[in-house]
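The primary structure of each chain is shown beneath.
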Amino acid sequence: QVQLVESGGGLVQAGGSLRLSCAASGRTFSSYVAWFRQAPGKEREFVAAIRRSGGTTYYADSVKGRFTISRDNAKNTVYLQMNSLKPDDTAVYYCAARLLGTPAGPGDYDYWGQGTQVTVSS
C-alpha cells in the first residue's frame, strides 16, 4: 500500500506562484509519480509526471514553461512548482503513483491522494 498526501494548495492571484507537495508513505517505491487536476464540470487531466529512474519529466502543453515537477527521494516527496498561474489553472490537484511500468493514462495509476484545491483569482 502507498499513501499519498497532497498539500500546498490555496488561493492566489493570477501571475502568482504555489508549490504543491505530495508526500508518500507505506511502500514508497514508485516507477512514476504524476500530478493531475480536475476543474468543476471537467474531466481529470494530466499535468506533469516524473520517472523515478533517471528523473525524466513530462508536462501537459498547457503548463510547459510554467510548472516544474521535481522529487526528493530521501523525503519520499514529489513537488509541483507552479508559476505564472492563470485562472484556468483553478482545479483540485491530485497526486498519483504507479508502482511498476509506464502509465498510459489516469487509469494506469495505482494510488491517488485526496487532492488539494488551487484557486487562481483574476
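Reference entry: report on the structure contained in this document. (Residues numbered from 1 in each chain as written. Predicted model: local features only at pLDDT ≥ 70, side-chain atom pairs only at ≥ 80, totals over all residues. Heavy atoms only, no water.)

## Points about the pattern of salt bridges
Applying the stated criterion across every chain, the model contains four salt bridges. Here Arg37 makes a salt bridge to Asp89, at a shortest N to O gap of 2.9 Å. Placement of Arg37 in strand β4 (residues 32-38) and of Asp89 in the loop between β8 (77-82) and β9 (91-98) is noted, with a sequence separation of 52 residues between them. Asp89 matches Arg37 in its accessibility class, with the two residues each being buried. When the shortest N-O distance is used, the salt bridge between Arg66 and Asp89 registers 2.8 Å. You can see Arg66 sitting in the loop between β6 (57-59) and β7 (67-72) and its partner Asp89 sitting in the loop between β8 and β9, a full 23 residues away along the chain. (Salt bridge = Lys/Arg side-chain N within 4 Å of Asp/Glu carboxyl O. Helix = DSSP H or I, 4+ residues; strand = E, 2+ residues; numbered from the N terminus. Buried < 20%, exposed > 50% of the residue type's maximum accessible area, 1.4 Å probe, protein only.)

## Regarding the nonpolar core
Ranked by internal contacts, the top residues of the largest apolar core, which has 28 residues, are Trp35, Val47, Phe67, Leu80, Met82 and Tyr93. Listed by contribution, the elements that provide at least two residues to this core are β1 (2-7), β3 (18-26), β4, β5 (45-51), β7, β8, β9 and β11 (116-121). Broken down by element, the residue count for this core peaks at four residues, all from β9. What Val47 contacts, discounting residues up to four positions off in sequence, is Trp35, Phe36, Arg37, Tyr58, Tyr59, Ala60, Val63, Phe67, Leu80 and Tyr93. Ranked by size, the runner-up nonpolar core spans six residues in total, among them Ala34, Phe36, Ala49 and Tyr109. (Core = buried A, V, L, I, M, F, W, Y, C linked by side-chain atoms within 4.5 Å. Contact = heavy atoms within 4.5 Å.)

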